[in-house]
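# Coordinates in review
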Amino acid sequence: MENYEIEEKINDEFTKAVPDVLASVLSDINSCTHERNVISMEEKKIKHRTNRWVKWAACAAAVILIASAVFGIGFYRTNYSTDMMIALDVNPSIEIRVNRKDTVLEVIPKNEDAEAVIGNMDFKGSKIDVTVNAIIGSMLRNGYLSDISNSILISVDGTDDKRSSELLSKLTDEVNGLLQTDAFTGSVLSQTINSNDTLKNLADTYGITPGKAQLIQKIIGNDPRYTFESLSGLSINQLNLILNSNKLALDDVDVVGSASDRAYIGEIKAKEIALNDAKVAENDIREYRISMDYEHGTMVYEIEFKSGIYEYEYDINAVTGDIVERDSEYDDDHYDSEHGKDTHGSTGSGTGTAGGNTGGNSGSSTGNTTDNTGSGTAGGASGSTDGYIGEERAKAAALTHAGLKESDVSNMIVKLDRDDGRYVYDVEFLQGNTEYDYEIDAVTGNVLKYDKDIEEHAHSGNNTGGTAGNGTSGSTGGSSGSSTGNTTDNTGSGTAGSTSGSTAGNTGNYIGEDSAKVAALAHAGLKESDVTNMIVKLDRDDGRYVYDVEFLQGNTEYDYEIDAVSGNVLKYDKDIEDHVHSGGSTGNTGSGNTGSGTAGGTSGGTAGTTGNYIGEDSAKAAALAHAGFKESDVSNIKIKLDRDDGRYIYEIEFRNGRYEYEYDIDALTGNIIDFDIDD
Amino acid sequence: MICAISSNDKRKRHDSDKLDKLICSMASGSTDALAEIYEETKTSVYSFIFSILRNTHDAEDVMHDCYIRLYYASQDYRRMGNPMSWILTIAKNLSLRKIHDGNRTVSENADSSTEGSIGGSADDFTRETDDRITAMQCMEKLSDAERSIVTLHAVSGLKHREIAEIMDMPLSTVLSKYNRAMKKLRELLK
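Since this is a predicted model, take the numbers as computed values, not measurements.

### A short note on the interface of chain B and chain A
Counting from both sides, the interface comprises 65 residues of chain B and, opposite them, 64 residues of chain A. With both sides pooled, the region where chain B packs onto chain A buries about 5,900 Å², and carbon together with sulfur makes up 59% of that total. Counting every contact that joins chain B to chain A gives 3 salt bridges. For R161 of chain B, the salt bridge goes to E660 of chain A, with nearest N and O atoms at 3.4 Å. At the level of secondary structure, the elements contributing two or more residues to the side of chain B that touches chain A comprise α1 (2-10), α3 (31-53), α4 (56-73), α5 (83-101), α7 (135-139), α8 (144-154), α9 (160-167) and α10 (171-188) of chain B.

This is the structure in structure tokens:
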């Protein structure tokens, strides 16, 4: 059976199965909007009332009451229509709808915790203050509000601003009083909101109230590094901690009391851990900064300080005290630009301070002396979200500096980040098997730092053993070559080159790609069948070997770094992908002498793997031949190497006139696997 | 190939301009416009909701709520050239809400022979097909996303690009899921 026959069959079956709900829809709409035509409404109502639509029942009843002319429309409005919405967020998120007399019409639990809090309690007809009192009581009893998590957000949403703020201040006082317990003192955040569809949609999607959605949006507005998704899972206490610790004051949000950090190790302990790890004494440090943050999927203490000629940055897990991320580099300010500041040297020696990296530095500092003299002084201002150059311009700045075109590179990642108290764009991309890493000032667009690395992969189970061997030795030679002949050489490649030999022999100690994959999926709470575009590769980071595990779930991109020896999740990152990659075309350039290093196994993305495959040109030719076109007949050709059902395919798209053709071509055999035509 | 092209013309494409105008008159309170929109879109809306909820009772409930929501939300509608996306996005959100709220008639893991599924029981409209397997039964074998993608393509005649937008997925994912789903259906309907 052909695709179109199947589709027709589906269409037919659905067309026959559609129920008729129009009469009931019209009746519900009429009864709730046209209060003016009360009498005729009543007749309609009786004719069509089905009782199935429970949520319209109150409305319907009201219409009948009005019709009987005992009470006026005002009665209906006062008693049955929602006048205001009160949202309580702790971690349980609860919405309470009240009428004009502050009588509760409905209490809606927005998540599972909220259901536990409400239990069997029925608040309909109670006064709002009684209801809130009972809910807070239940939250205290159930441990949602306690000495380790003491913060609550109260939001009032109504059209009458005066009434909203009156009710808000009444409830805030009430809750604040309830949270002055013997065991702890609470912290109450309060705000009035005017919810719109955006807020409602966000709230529904993430199982929170529009109030919390508004709070998160305000936080993102102050600090654009956060994403809605990452913050939506945090409790109000955690959000409150982030607000406190970063000294963020949000417009129109009042905060009483301060958030509890009892669940965490505390700033003093975190500092101690960082100083111990850096092996510097408390007296030797300067410009110390600590703040709480949400990164790597957990609450962390972000610590920055300087000591000697180095600048340190730590992310410390706020619960366990584990060091999640460490980074050290030459202090930009300390190192005078007259000396010919060497950004490559500085990044390379970052790992050097932790031990290990020798030799690379000298090589790099001869080859590369004059790049970026101006860096490290720009910016300094932070807090404002406006005036950033945007990801596109950051990308362009990095590409210009590298002397590459966007079409030359793949795996482009641009991320807004904060470094040294200012905002920067981290721009990463691959050209062949060379990894570029840029830091672009988010305000001025200046290149602050850059780094270039030959990517090495020592795969176990490498199916192109001979080639991979060549790749490794080739790139080792290449790195030493580049450190003399090339002004943009890097220490990173020197290190990678010198160690790669031993890695190849050592993969036996590692947990293996499969275990790494399992660890990442378990952490994400997903099954392998839920995700697509899985890429696992062995990589080196901060002086140790890690598995980089990447996959897509829906359009969410997960990126994990798994310790290759212990299997621990070292870092993780979750990104909503809202663009379609057109990358993958770099394989040809990269595959020459270095790309073969990545050809192992099934991973390594698109770069370098093209050697075994028919190539984009042959794939394109096969698709065009099948469609009966010459290349000149078609436009908008896109070719992408992709993995589908465990094999590599070329996905080819092109247009001819109003039709859009899509082909899947087996990358090894050149066979057409599937094709589709759309107008 | 020729067949594939001509089938596109047979497929129902919604007239965006007409829908745009209807939504605007609906925004000014016209229930006639709503009725017309309903006739125009009911199969698309219902089938998409059903593809998410897989239960006729729940799908009917959500379909009902969806048209009421459309009526009231039309005030906020901004002409963006694709009214069908707007309508189907609302349908999707309400369906997901239904799943989230958990007050569903039949549990999610109900097998395909439950009374709520189209074509699963000996309902009158499937009787005529008798021993033939219905496409609906085969759709049960697809993943949630695959089922929705195939439905949007087959019933609403949306382009993969538009489906990607509604489903919040990259185009490449939609394409590969669509192809995989059609492959499965071809096997099942042999």
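Okay, back to it.
### Re the pairing of strand β8 (residues 298-307) of chain A
Residues and elements named next belong to chain A. Within β8, 10 of the 10 residues are buried, leaving the element largely enclosed by the surrounding structure. Pairing analysis gives 9 bridges linking strand β7 (residues 285-295) to β8, with the strands arranged antiparallel. Its bridge partner lying in β8, E295 is registered against T298. Hairpin geometry of β7 and β8 is characterised by an intervening segment of 2 residues between the two adjacent antiparallel strands and by a positive phi of about 55 degrees at H296. The loop that links β8 with its antiparallel partner strand β9 (residues 310-317) comprises 2 residues; one of these, G308, has a positive phi angle of about 60 degrees.

### Quick word on the environment of L552 of chain A
All names here are of chain A. Mapped onto the fold, L552 is located in strand β16 (residues 544-553). Assessed through its relative accessible area of 7%, L552 is described here as buried. Counting along the chain gives 19 residues from L552 to N533, while the straight-line C-alpha distance between them is 5.9 Å.

### What to know about the nonpolar core
Counting residues in each nonpolar core, the largest one holds 64 residues, and the members touching the most others are I10 of chain A together with V45, I49, M63, Y67, V150 and L185 of chain B. With 11 residues, the single largest contributor to this core is α3 of chain B. Setting aside its immediate chain neighbours within four residues, I49 of chain B contacts A59, V62, M63, C66, A91 and S95 of chain B. Core analysis: the next-biggest nonpolar cluster, separate from the first, contains 60 residues, I273, Y301, V536 and L538 of chain A among them.

### A look at unusual backbone geometry
Although it is not a glycine, K279 of chain A adopts a positive phi angle of roughly 55 degrees. Relative to the assigned elements, K279 of chain A resides in the loop between α13 (267-278) and β7. Given a relative accessible area of 74%, K279 of chain A falls into the exposed group. Phi at D168 of chain B is positive, roughly 60 degrees, even though this residue is not glycine. With respect to the helices, strands and loops of the structure, D168 of chain B is situated in the loop between α9 and α10.

### Describing the pattern of salt bridges
Residue and element names in this part refer to chain A. Applying the stated criterion to the full structure yields 29 salt bridges over all chains. D277 is the partner of R326 in a salt bridge, and the nearest nitrogen-oxygen pair spans 2.9 Å. Within this pair, whereas R326 is found in strand β10 (residues 323-330), its partner D277 is found in helix α13, the two being separated by 49 residues in sequence. Using a relative accessible area of 30% as the deciding quantity, one classes R326 as partly exposed. Overall, D277 belongs to the partly exposed group, its relative accessible area being 25%.

Conventions used here
Residues numbered from 1 in each chain as written. Chains lettered and ligands numbered in written order. Predicted model: local features only at pLDDT ≥ 70, side-chain atom pairs only at ≥ 80, totals over all residues. Heavy atoms only, no water. Contact = heavy atoms within 4.5 Å. Buried area = accessible area lost by both parts, 1.4 Å probe. Salt bridge = Lys/Arg side-chain N within 4 Å of Asp/Glu carboxyl O. Helix = DSSP H or I, 4+ residues; strand = E, 2+ residues; numbered from the N terminus. Buried < 20%, exposed > 50% of the residue type's maximum accessible area, 1.4 Å probe, protein only. Pairing = 2+ DSSP bridges. Core = buried A, V, L, I, M, F, W, Y, C linked by side-chain atoms within 4.5 Å.

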